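The primary structure of each chain is shown beneath.
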Amino acid sequence: MIERDIVIGNARLILADSYKVLPTLGWVDAIVTDPPYEFRAEGGGMYRAERKSMDQILDEGLSDGFDHSIINPLLCGSVVVFCHNDQLPKILPYLDGSFERQAVCIWRKKNPQPVANKHYRPVMEFYVHAWNRGHHPHGTLDELDRMIVAMSPRGEAKFGHATVKPDAVMDKIIRNVAPGTICDPFMGTGSTGVAALKAGRRFIGIENNPAHFDTAVGRIREVTSALAVAA
Ligand SMILES: C[S@@+](CC[C@H](N)C(=O)[O-])C[C@H]1O[C@@H](n2cnc3c(N)ncnc32)[C@H](O)[C@@H]1O
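Residues numbered from 1 in each chain as written. Predicted model: local features only at pLDDT ≥ 70, side-chain atom pairs only at ≥ 80, totals over all residues. Heavy atoms only, no water.

- By the naming in an unreviewed UniProt entry, the protein goes by Methyltransferase and is assigned to Sphingobium cupriresistens LL01.
- According to the UniProt record, the Sequence similarities (unreviewed entry) comment for the protein is "Belongs to the N(4)/N(6)-methyltransferase family." (UniProt positions renumbered as here; feature names shortened; annotations may be inferred.)

## Focus on the environment of Phe39
Right, on to step 1. As for its position among the elements, Phe39 is in the loop between β3 (28-33) and α2 (52-59).
Right, on to step 2. As for Phe39 and Val123, which are separated by 84 residues in sequence, their C-alpha atoms are 16 Å apart.
Right, on to step 3. Apart from the residues within four sequence positions on either side, Phe39 is in contact with Met54, Ile57, Leu62, Ser63, His84 and Asp86. (Helix = DSSP H or I, 4+ residues; strand = E, 2+ residues; numbered from the N terminus. Contact = heavy atoms within 4.5 Å.)

## Describing the sheet that holds strand β9 (residues 203-207)
Right, on to step 1. In space, the nine strands of this open sheet follow the order β1-β2-β9-β8-β3-β4-β6-β5-β7, with mixed pairing throughout. Only two strands of the sheet have a single neighbouring strand rather than two, namely β1 (2-8) and β7 (147-150). The mean angle between the axes of side-by-side strands here comes to 15°, regardless of whether they run parallel or antiparallel.
Right, on to step 2. Here strand β5 (residues 101-109) runs beside β7; their pairing, made up of four bridges, is parallel. Across the sheet, Lys109 pairs through a bridge with Ala150, a residue of β7.
Right, on to step 3. Sheet strands in contact with helix α4 (residues 167-176) are β3, β4 (76-83), β5, β6 (124-131), β7 and β8 (182-184), and its direction is about 160° off that of β7. (Pairing = 2+ DSSP bridges. Axes fitted to C-alpha atoms, helices over the stretch in contact; angles between N-to-C directions.)

## A word on the nonpolar core
Right, on to step 1. Counting 40 residues, the largest nonpolar core has Leu13, Val32, Ile173, Ile182 and Phe203 as its most contacted members.
Right, on to step 2. When residues in this core are grouped by element, the largest group, five residues, is from helix α6 (residues 210-230).
Right, on to step 3. In this structure, Ile182 is in contact with Ala30, Val32, Ile174, Val177, Thr192, Ala196, Arg201, Arg202, Phe203 and Ile204, ignoring residues within four places of it in sequence.
Right, on to step 4. In this structure, Cys76, Phe126, Ile204 and Ile206 belong to the second largest nonpolar core, which totals 25 residues. (Core = buried A, V, L, I, M, F, W, Y, C linked by side-chain atoms within 4.5 Å. Buried < 20%, exposed > 50% of the residue type's maximum accessible area, 1.4 Å probe, protein only.)

## Some remarks on the site of the ligand
Right, on to step 1. For the ligand, the set of nearby residues contains 22 residues, the closest of which are Asp34, His161, Thr189, Ser191 and Glu207.
Right, on to step 2. Here a nitrogen atom of the ligand sits 2.9 Å away from a polar atom, N or O, in the main chain of Ser18.
Right, on to step 3. One nitrogen or oxygen atom from the side chain of Ser191 is found 2.6 Å from an oxygen atom belonging to the ligand.
Right, on to step 4. Protein contacts shield 94% of the accessible area of the ligand, which totals 610 Å² for the unbound molecule.
Right, on to step 5. Of the residues in the shell around the ligand, the class split is nine nonpolar, nine polar and four charged. (Near = heavy atom within 4 Å. Polar contact = N/O pair within 3.5 Å; in protein donor to acceptor, adjacent residues only side chain to side chain. Areas by Shrake-Rupley, 256 points an atom, 1.4 Å probe, with all protein chains shown as cover. Nonpolar A, V, L, I, M, F, W, Y, C, P; charged D, E, K, R; others polar.)

## As for the pairing of β4
Successive residues of a regular strand alternate their side chains across the two faces of the sheet.
Right, on to step 1. For β4, the buried fraction is high: eight of the eight residues fall into the buried class.
Right, on to step 2. With five bridges connecting them, β3 and β4 associate as parallel partners. When the sheet's bridge partners are listed, Ala30 is paired in β4 with Ser78.
Right, on to step 3. Two strands pair when backbone bridges link them, and β4 and β6 are joined in this way by six bridges, in the antiparallel orientation. Counted as the bridge partner of Ser78 is Trp131 from β6.

## Observations regarding α2
Along an α-helix, a turn takes 3.6 residues, which lines up residues three or four apart on a common side.
Right, on to step 1. Restricting attention to buried positions, one finds in α2 the residues Ser53, Met54 and Ile57. Take α2 and look down its axis: the buried residues cluster within an arc of 105°, on one side only. Opposite the buried face of α2, by more than 90 degrees, sit the exposed residues Lys52 and Asp59.
Right, on to step 2. Following α2 by one or two positions, Gly61 adopts a phi angle in the positive range, close to 70°. (Arc of directions from axis to C-beta.)

## Let's talk about the side chain of Arg219
Right, on to step 1. Within the secondary structure, Arg219 is located in helix α6.
Right, on to step 2. Residue Arg219 is classed as buried on the basis of its relative accessible area of 10%.
Right, on to step 3. Those residues in contact with Arg219 that lie beyond four places of it in its chain are Phe159, Asp167, Thr189, Gly190, Ser191 and Val194.

Okay, structure coming up:
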């Protein structure tokens, strides 16, 4: 079931199917995750040929959505979950019925794709923060803003992944998550883990794609070493 299980400093990284492994880990304080979105990645009109990342999204099943039941309110204090515009009508009722409160927050992109395709320009990505009693959002008044404006990663900062989240967005999210261990069951290249470790948190990441898992291991090793040197 678990193909690799590595401990690096305050992080545990697991190469496996998170639907099988996450329920076996027991309680975690918070799940912070960017699961496969559910949206139409086909088409794209005259700009499609320039949007290679959409082909990667289709090839890797990153537009197939995810099973909401992996977010179990009995096994975590809070959750931050990214989702596509098209998923909000389904995910909000699920979280509303599971957690005590929730807030829809926004990453406003400074450099959105120059497309609209008979829709709105994709300038926003949504994430929902839902929490149970005692696990409410943390931070100063400024830090509790519901929106962050940041660039989409470009070039090497994409780590060969089609949907990497920017450091600035992940740092902001981790500042808002109540203290304790953070788990990302759809770890990708480890962006949640990097932010969690920088903030002095413990981190558990699960990823089922070996190439992205290796990238995450490299990023987590790098940040762990940098933090040790700085200490
Ligand atoms: C949207 S990406 C996350 C990207 C990440 N936020 C980053 O910055 O690198 C979702 C990831 O979940 C992984 N994934 C999809 N299904 C999975 C499963 N059942 N178990 C573990 N990982 C899975 C995919 O391989 C993909 O890398």
